[in-house]
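A structural walkthrough
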Amino acid sequence: MSQSAEMTDVTVQQFRETAAAIEGEVGKVIVGQSKVVRHVLICVIAGGHALLEGVPGLGKTMLIKTLADVLHLQFARIQFTPDLMPADIVGTDILEETADGHRQFRFQPGPIFANLILADEINRATPKTQSALLEAMQEHSVTIAKRTYRLEEPFFVLATQNPIEMEGTYPLPEAQLDRFLFKVNVDFPSSSDLVEILARTTGGHTATAGKVADGAQILAMGRLARKIPVPSHVSEFIARLVVSTHPTHETAPPIVKQFIRYGASPRGAQALVLGAKITALFAGRLNVAFEDVAAVAPAALGHRLLLNFEGQAEGVTTEDIVEELLKSVPEAVK
Amino acid sequence: MVTNVYLHEVDEHLSGWLFRLRLREALIWSVRGLVGGVGAALGLSLMARLRPVLPIPALVAFSISLALLGFALALALGYFWPRPRLAAARHFDRLFSLAERTSTALELAASPGATPDWLVVDQWADAAAAARGVDPRPSLPFKFERRDGLLLLAVTAALALSLYLPNPQQATLAQQQAVQQAIEEQIQQIEALREQIENNPNLTEEQKDALTQPLEEAEQQLQEGDLTQEQALQVLTQAQQELEAQADSNTQTQAEALQQAGEGLSQNPTTQEAGEALSNGDLQGAAEALGNIDVSQLSEAERRALADQLEQTAQALQNTNPELAEQLQAAADALRQGDVQAAQAALQQAAQNVAQTAQAAAQAQAAAQAADQLTEAQRAVAEAGNQGQQGQGQGQGQGQGQGQGQGQGQGQGQGQGQGQGQGEGQGQGEGGGGSGRGEGNGEGQGGEAGTDPIEQGNGAGDGGESTYEPIYSPFHIGGEGESENLPGSGDNTGEVVGEGPANPQDAGDVTVPYNEVYTAYSDAAYEAIGNGDVPPSFRDIIRSYFSSLAP
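Residues numbered from 1 in each chain as written. Chains lettered and ligands numbered in written order. Predicted model: local features only at pLDDT ≥ 70, side-chain atom pairs only at ≥ 80, totals over all residues.

1. With respect to the overall build of chain A
For chain A, the helix and strand inventory stands at 14 helices and 11 strands. Taken over 334 residues, chain A has a buried fraction of 44%. (Helix = DSSP H or I, 4+ residues; strand = E, 2+ residues; numbered from the N terminus. Buried ≥ 20, exposed ≤ 12 C-beta atoms within 10 Å, placed from the backbone.)

This is how it looks when you write it as structure tokens:
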């Protein structure tokens, strides 16, 4: 590889090494879930936010905490409950008395003023509280009493939600879901992974992860990833893929027309491109390929497809539809 | 456009893969082209079994040509089919699992966009390294698909079978070709005949035009091409009849009488030159000699001798040329009366008469010769069709011929003759061509037997036995008339041995000229043949019958 990369940026080799080191350190604590770890790391490098969905006890919170440790990022956990207020997230002005007896308002930052935010069970908070977080996710700033406070970069929100306990929850609206770069499904571990989990977590020794990167490196890795070229026919494929998620479009396959009410927005295409670029770098390649797009498509598009009543009644998942789209949309158009 | 050693290496690999792809596609498509060519040949061969289009050697040649053409065309298309480099690069990226490295390298070379130069170079290096590890042989093998090979074997076998098996259309084709060749030959003959007439010094321009016009028309119609045998015969018959109309038999009779009279005239010294010319058939010379006689220079005795001779000659020519006889008699009378002027004038008139007769005789002779040649042409065209079929061994003779009256019996196919022929016939029957019911006297020679297993031979009474089907029985032509003996053909001095009524109800002389009767019926017969109303096996019988009756 050439040595002419920018000094403030990382090289491809450094990218691969850092990414491997991050995954390795996370792997010391988290057993299995390599795909989840990879997707979360892609989100972090891409500068996006991730929504992790899985039943309780699968290590979602542990993963994010470990990642924060490995990346030497300031970590904050917000446990969302129905009585959580927006001020509990973003902060508030408090009245305090100065030494000379004057009273003044002082802004007390909320837990959102961190680099890596764990928004645990985001669907349990009220829509008003959710919107406070989502505004910060979009703007990377908070506005309180007409004053805007910028959030320090890098800023990532890794939210979790429980798909089982829907009673008393406030599911995120589709427009809000669209702000998450990826939605990652955390599956139950395999029996071999479970054995390893038991060995690590019920013994006398608790695994810890060391710090192998920092925020600046993550930002540099993100800048490098954005420079990776996408061949024109792969870009066209991504566009055809996203357009085909809309049931009213002529290229939509039958499964989309049957089960989808509304398809992915252009943010979905952007998520595909960014995720594919980073996936290419992980593979040691300096260009995006079709396989890179296929690797990130379920995570990038799954939460952006809105099922209709028939889809919900049939139990069809959006990931299944995305997999079908990858088979039906041709890679090349003659 | 940025260039680089890595990019150059990528380009070289791409060129090599593309060349191998072209070769492979050329091989695959050449086999398919061969299948297509052989398939087209098979179609042509099958069509040739339904319609007479091409003979077997030509079919074989066409088959080979089509196969080679299909092969060459497909080979060229497979190799030279346009394959843009970027599209080829994308194809090879998929084929060799290069993950779009090659196509990205080409796109960056053409337009790096916002990609930094160092990243472009690194991508090229990555693409070159990946290309280096590619072995194109497993993905681009030089072999054609088994399905194509089996298909080629199948169509080739079908083609060989269709060419090898006997083709019923070949006989028809051979006949058509023979007829066309005969027509071509006759066209040349007619052309030569026209030239001969044009170069005849004894004919005036008007006479030449009158003689050549039917020949030109016949030649033009024959040259139109694609004429059937019947149509060609009809054209020749038409021209022959027009020429025969110009062959005035009276004129010929006069010429012969003059020729005979020349012997007498040559006895007299005065008319010796004219007489010798007449005896030699030089009527024009005789006319000049006659016109050159100067009566005023003759002695009395010579005049008397001349008068006697002229009177003798006039008497001899009375029946054949009354006008000339009168003129000669007038000259003789004037000589006896001593009227030199009148005698001279009469002699001049006689000389003019002889000259006119000479010209008329020349035209009649030329017309007769031309008509005879056209008769030969008809025979040649009729025989050509028969020989064409004979060449394929399709004789199915069942002759019962017993001599055929006159004419040329050309039996072929299922001849069923019942002739009691008594004329002078020259039958050329092939496996039973007995036709014609002339009841002449003579010996008919039946034609050669064909190769048919059924009893053959159509000679006089030696043919096979079969029931005569009077479909075109001559007895029915013109009604139930009495039997007539027809005069011998070609002999203008032959006696008319019989005359009969044209209608049983009417007694008396024949009122319709034979030419017209013959023409009407022969035209009807040929038309029926041309329309396909006559079974194929009877057509030659009918043609030969009417040929034998031609005036």
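2. Quick look at the overall build of chain B
A count of helices and strands for chain B gives 18 helices and 2 strands. Sorting the 551 residues of chain B into buried and exposed places 43% on the buried side. Here the contacts in chain B between residues at least 6 apart in sequence split such that 64% fall between residues at least 24 apart. (Contact = placed C-beta atoms within 7 Å.)

3. Thoughts on the interface of chain A and chain B
The partner chain B presents 16 residues to the 18 residues of chain A that form the contact. Sorting the residues of the side of chain A that touches chain B by element identifies α9 (232-243) and α12 (290-301) of chain A as the ones contributing at least two each. The element best represented in the side of chain A that touches chain B is α9 of chain A, accounting for 3 residues. Split into classes, the residues belonging to the side of chain A that touches chain B amount to 10 nonpolar, 5 polar and 3 charged. (Nonpolar A, V, L, I, M, F, W, Y, C, P; charged D, E, K, R; others polar.)

4. Focus on the sheet that holds strand β1 (residues 50-53) of chain A
What holds strands together in a sheet is hydrogen bonding between their backbones, with the strands either parallel or antiparallel. Residue and element names in this part refer to chain A. The strand order across the open sheet built from 5 strands is β2-β5-β8-β1-β9, with neighbouring strands paired in parallel fashion. What marks the edges here is a single partner per strand, and that holds for β2 (75-79) and β9 (182-185). With direction set aside, neighbouring strand axes in the sheet form an average angle of 20 degrees. (Pairing = 2+ DSSP bridges. Axes fitted to C-alpha atoms, helices over the stretch in contact; angles between N-to-C directions.)

5. Focus: the packing of helix α14 (residues 300-316) of chain B against helix α15 (residues 322-337) of chain B
All names here are of chain B. Contact pair α14 / α15: the axes reach a minimum separation of 8 Å and the direction vectors enclose 155 degrees. Accordingly, the angle class assigned to the pair α14 and α15 is roughly antiparallel. Our pair here, α14 against α15, has a crossing hand that is left-handed. Of α15, the residues touching α14 (which contributes Arg303, Leu306, Ala307, Leu310, Glu311, Thr313 and Ala314) are Ala325, Leu328, Gln329, Ala331, Ala332, Leu335 and Arg336. Its residues placed into classes, the contact of α14 with α15 shows 9 nonpolar, 2 polar and 3 charged. (Parallel < 35°, antiparallel > 145°, perpendicular 65-115°, else oblique. Left-handed = near helix turned anticlockwise from the far one by under 90°.)

6. A few points about the nonpolar core
It is characteristic of soluble globular proteins that their nonpolar side chains tend to be buried jointly. Membership of the largest hydrophobic core comes to 125 residues, with the highest contact counts inside it found for Val40, Ala50, Leu158 and Phe182 of chain A together with Trp124 of chain B. If sequence neighbours within four positions are ignored, Phe182 of chain A has contacts with His39, Ile42, Cys43, Gly48, Ala50, Ala271, Gly275, Ala299 and Ala300 of chain A. Core analysis: the next-biggest nonpolar cluster, separate from the first, contains 75 residues, Ile183, Leu236, Leu374 and Val534 of chain B among them. (Core = buried A, V, L, I, M, F, W, Y, C linked by C-beta atoms within 7 Å.)

7. Describing the pairing of strand β6 (residues 141-144) of chain A
Residue and element names in this part refer to chain A. Both β6 and strand β7 (residues 147-150) contribute to a ladder of 4 bridges, which runs antiparallel. Note that in β7 the partner of Ile144 across the bridge is Arg147. Hairpin connection from β6 to β7: 2 residues lie between these consecutive antiparallel strands, with Ala145 at a positive phi of about 50 degrees.

8. Brief notes about the environment of Gln161 of chain A
Residue and element names in this part refer to chain A. Looking at where Gln161 falls in the secondary structure, it is placed in strand β8 (residues 156-161). The spacing of Gln161 and Ile122 is 39 residues in sequence and 5.9 Å in space, taken between C-alpha atoms. Not counting the four nearest positions on each side in its chain, Gln161 is found in contact with Leu51, Glu53, Glu121, Ile122 and Asn123.

9. Focus: the environment of Ala269 of chain A
Residue and element names in this part refer to chain A. By the element assignment, Ala269 lies in helix α11 (residues 266-282). Residue classification places Ala269 among the partly exposed positions, given that 19 C-beta atoms sit within 10 Å. Each C-alpha atom of the pair Ala269 and Arg240 lies 9.7 Å from the other, and the pair is 29 residues apart in sequence.

10. Here's the deal with helix α5 (residues 117-132) of chain B
Spanning 16 residues, α5 of chain B covers 22 Å between terminal C-alpha atoms, matching the ideal 22 Å at 1.5 Å per step. Most of α5 of chain B is tucked away: 12 of the 16 residues are buried. Of the positions making up α5 of chain B, those classed as buried are Leu119, Val120, Val121, Asp122, Gln123, Trp124, Ala125, Asp126, Ala127, Ala128, Ala130 and Ala131 of chain B. In this structure, the buried side of α5 of chain B is in contact with α1 (12-29) and α8 (215-227) of chain A together with α1 (5-50) and α4 (101-110) of chain B. (Expected span 1.5 Å × (residues − 1).)

11. A word on the confidence of the model for chain B
All names here are of chain B. Looking at chain B, the pLDDT average stands at 80 and 77% of residues meet or exceed 70. Confidence, read as mean pLDDT per element, is least for strand β1 (residues 425-426) in chain B (40) and greatest for α4 (96). Counting contacts from residues 392-457, a segment whose pLDDT is below 50, to residues more than four positions away or on other chains yields 271 contacts. Contacts for the low-pLDDT stretch residues 473-477, under 50 throughout, to residues beyond four places or in other chains number 6 contacts. (pLDDT = per-residue confidence, 0-100.)

12. Examining the environment of Asn308 of chain A
All names here are of chain A. By the secondary structure assignment, Asn308 is in the loop between β11 (306-307) and α13 (309-314). For Asn308, a count of 16 C-beta atoms within 10 Å corresponds to the partly exposed category. Considering only alpha carbons, one finds Asn308 and Val256, 52 residues apart in sequence, at a separation of 9.9 Å. Aside from chain neighbours lying at most four places away, what touches Asn308 is Phe259, Ile260 and Arg261.

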